[in-house]
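Breakdown of the fold
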Amino acid sequence: MSLHALLFDVDGTLADTERDGHRLAFNAAFREFGLDWEWDIPLYGKLLAITGGKERIKHYIEAYRPDFKRPADFDKLVAELHKAKTRHYTELLAKGGLPMRPGVARLLKEARDVGLRLAIATTTTPDNVTALLEQSLAPATASWFELIAAGDIVPAKKPAPDIYLWALEKMQLKPENCLAFEDSGNGLRSSMSAGLKTLVTVNDYTADHDFAGASAVLTDLGEPDAPATALSGAWSGQGYVTVESLKALHRN
Ligand code: XBP
Ligand code: MG
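Anyway, here's the lowdown on the structure attached to this text. Source: prediction; values computed, not measured.

Calculation criteria
Residues numbered from 1 in each chain as written. Chains lettered and ligands numbered in written order. Predicted model: local features only at pLDDT ≥ 70, side-chain atom pairs only at ≥ 80, totals over all residues. Heavy atoms only, no water. Donors = N, O, S within 2.8 Å, 3.2 Å for Na, K, Ca; no water. Helix = DSSP H or I, 4+ residues; strand = E, 2+ residues; numbered from the N terminus. Buried < 20%, exposed > 50% of the residue type's maximum accessible area, 1.4 Å probe, protein only. Salt bridge = Lys/Arg side-chain N within 4 Å of Asp/Glu carboxyl O. Near = heavy atom within 4 Å. Polar contact = N/O pair within 3.5 Å; in protein donor to acceptor, adjacent residues only side chain to side chain. Areas by Shrake-Rupley, 256 points an atom, 1.4 Å probe, with all protein chains shown as cover. Nonpolar A, V, L, I, M, F, W, Y, C, P; charged D, E, K, R; others polar. Domains from an automatic or database assignment.

**Remarks on the coordination of the magnesium ion (ligand 2)**
Of the protein atoms, only Asp9 (OD), Asp11 (O) and Asp183 (OD) coordinate the magnesium ion (ligand 2), at distances of 2.1 to 2.2 Å. Expressed as a motif, the donor residue spacing for the magnesium ion (ligand 2) is D-x1-D-x171-D. You can see Asp9 sitting in the loop between strand E1 (5–8) and helix H1 (18–32) and its partner Asp183 sitting in the loop between strand E4 (178–182) and helix H8 (185–193), a full 174 residues away along the chain. Residues Asp9 and Asp183 agree in their burial class; the two are buried.

Pasting the structure below:
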């Protein structure tokens, strides 16, 4: 089976957006709404088990703020809080925000040059994806991706396979012709349940997740002058991920 398309997760995979991006934006939204909630770095690591910002806020209230008096229109409050969070996040990115992870820009350019189809499959809000690509990669890079599958477009977020299945259907692709890129256990479960071979690049929040079944697990995609380390799996490249090494991984 030949490799036709690369499907990328965003948060933690393209950039380390969680600790110094999303987390700060949630906290800013809580302050804006007069709530004394503060998600510190370790707590946020635990909350990441729940994907999706609105889902994460609801889980936090259930698990950590049992005394919170829920208004009758609770879902509306959560939606408004989350809207404010998205505004804080995109503003933070506009200020010069968060760099892409090693090797991401290089690999995207190479893949594009050789005609691989590119898409995004993420639980985060569409505005956040565009903001990250435009601010941290280059202007107009959102158009490099044939499809940006994001957020509430499917009701069941990762680890459900739905976002990947939706993207595959829209692009008329078979899973066996694609490779997914993920950084977390929930992301890997999502991509694997959609039938996709997956390359995982870990980060501080996800290094101890269970990545059984991944085609390969690497520290990052690597650069010629900053090699990545293979942690497990069948990647046979030298120091940094190239399209050639992805094709070999995909054939494996
Ligand atoms: C990303 C998420 C998202 C972001 C916040 O997971 O779980 O919830 O943390 O984004 P993945 P929103 O990388 O597996 O897609 O607040 O926009 O939901
Ligand atoms: Mg992720």
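**Some words on the pattern of salt bridges**
According to the stated counting rule, one finds 13 salt bridges in the structure shown. For Glu32, the salt bridge identified is with Arg87, shortest N-O distance 2.8 Å. Here Glu32 is found in helix H1, whereas its partner Arg87 is found in helix H4 (residues 74–94), with 55 residues between them in sequence. On the basis of relative accessible area, Arg87 is assigned to the partly exposed category, the value being 37%. The salt bridge partner of Glu223 is Arg106, with a shortest N-O separation of 2.9 Å.

**A look at the site of ligand 1**
As a matter of local geometry, ligand 1 sits amid 18 residues, with Gly53, His82, Lys85, Thr124 and Thr125 nearest to it. The separation between an oxygen atom of ligand 1 and a polar side-chain atom of His82 is 2.7 Å. Expressed as a share of its isolated accessible area of 450 Å², the protein-covered part of ligand 1 is 97%. When residues of the shell around ligand 1 are traced back to their parent elements, those giving at least two are H1, helix H3 (53–64) and H4. The element best represented in the shell around ligand 1 is H1, accounting for three residues. For the shell around ligand 1, the class distribution of residues is two nonpolar, ten polar and six charged. Taken domain by domain, the makeup of the shell around ligand 1 includes at least three residues from each of domain 1 (5–16 + 98–251) and domain 2 (18–94).

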